[in-house]
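Architecture at a glance
Residue-level listing of the chains:
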Amino acid sequence: MSVPAFYVYPVPQGTSFTFDDLSCSDNVEKLFDYMQILLAVISKEGWDFLIQKYGYERLFEINNRSGWIDCETIEEFIEAIKYEKEISPEIV
């Protein structure tokens, strides 16, 4: 079974983010913080969930608080998220 997102610490097992975890926007912001320093990944299923749960506008707001993806407009952010989703690994 795949998980929606994963953070590499604590070593060696890391931390899985569940769909319940991602239902809290503070956890999404924390995950984006980890993504910014290349310590976390979000699976395609995780992106699907986040987009459906929050929509691009709310994710853009969360991203702006985090400072992960440097985008000035929602359109730039949507393109960046589509790319992130496209390159997302399967997390097991």
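Residues numbered from 1 in each chain as written. Predicted model: local features only at pLDDT ≥ 70, side-chain atom pairs only at ≥ 80, totals over all residues. Heavy atoms only, no water.

1. As for the packing of helix α2 (residues 25–36) against helix α3 (residues 44–66)
Which entries qualify depends on this criterion: The axes used here are C-alpha line fits, helices contributing only the stretch in contact, and every angle between their N-to-C directions lies in the interval 0 to 180 degrees. Each helix corresponds to a stretch of at least 4 residues labelled H or I by DSSP, and each strand to a stretch of at least 2 residues labelled E; elements are numbered beginning at the N terminus. Comment on the angle field: the value is read as roughly parallel under 35 degrees, roughly antiparallel over 145, roughly perpendicular from 65 to 115, and oblique elsewhere. Throughout, a crossing is termed right-handed when the near helix is turned clockwise from the far one, and left-handed when it is turned anticlockwise from it by less than a right angle. In what follows, a contact means two residues having at least one pair of non-hydrogen atoms within 4.5 Å. Each residue is assigned to one class: nonpolar for Ala, Val, Leu, Ile, Met, Phe, Trp, Tyr, Cys and Pro, charged for Asp, Glu, Lys and Arg, and polar for all the others, Gly among them.
At a closest axis distance of 10 Å, the pairing of α2 and α3 adopts a crossing angle of 70°. When the interaxial angle is binned, α2 and α3 end up roughly perpendicular. For α2 against α3, the interelement crossing comes out right-handed. Two secondary-structure elements touch here, α2 through Ser25, Asp26, Val28, Glu29, Phe32, Asp33 and Gln36 and α3 through Trp47, Leu50, Tyr54, Arg58, Leu59, Ile62, Asn63, Arg65 and Ser66. Class assignment of the residues belonging to the contact of α2 with α3 gives a composition of seven nonpolar, four polar and five charged.

2. Thoughts on the packing of α3 against helix α4 (residues 74–86)
It is the contact of α3 with α4, at a shortest axis distance of 11 Å, that shows an interaxial angle of 160°. Compared by their axis directions, α3 and α4 come out roughly antiparallel. Seen from above, α3 lies across α4 with right-handed handedness. Judged by residue contacts, Lys44, Trp47, Asp48, Ile51, Tyr56, Glu57, Leu59, Phe60 and Asn63 of α3 engage Ile74, Phe77, Ile78, Ile81, Lys82, Glu84, Lys85 and Glu86 from α4. Taken together, the residues of the contact of α3 with α4 sort by class into nine nonpolar, one polar and seven charged.

3. Considering the side chain of serine 88
Applied cut-off: Exposure categories follow from relative accessible area, calculated using a 1.4 Å probe and restricted to protein chains: below 20% of the type maximum is buried, above 50% is exposed, and the middle band is partly exposed. Polar contact criterion, stated in full: a pair of N or O atoms within 3.5 Å, where within protein one must be able to donate a hydrogen and the other to accept it, and residues adjacent in sequence count only if both atoms are side-chain atoms.
Mapped onto the fold, serine 88 is located in the segment after α4. Residue classification places serine 88 among the buried positions, given a relative accessible area of 10%. Among the polar contacts made by the side chain of serine 88, one reaches the side chain of tryptophan 47 at a distance of 3.4 Å.

4. Here we look at the pattern of salt bridges
For clarity, the threshold we go by: Any Lys or Arg side-chain nitrogen found within 4 Å of a carboxyl oxygen on Asp or Glu counts as a salt bridge.
Going through the model one piece at a time under the given rule, you end up with three salt bridges. A salt bridge links glutamate 29 to arginine 65; the nearest nitrogen and oxygen atoms lie 2.9 Å apart. Pair noted here: glutamate 29 is in helix α2 and arginine 65 is in helix α3, with a separation of 36 residues, a long-range link. For glutamate 29, a relative accessible area of 19% puts it in the buried group. Residue arginine 65 is classed as partly exposed on the basis of its relative accessible area of 41%.

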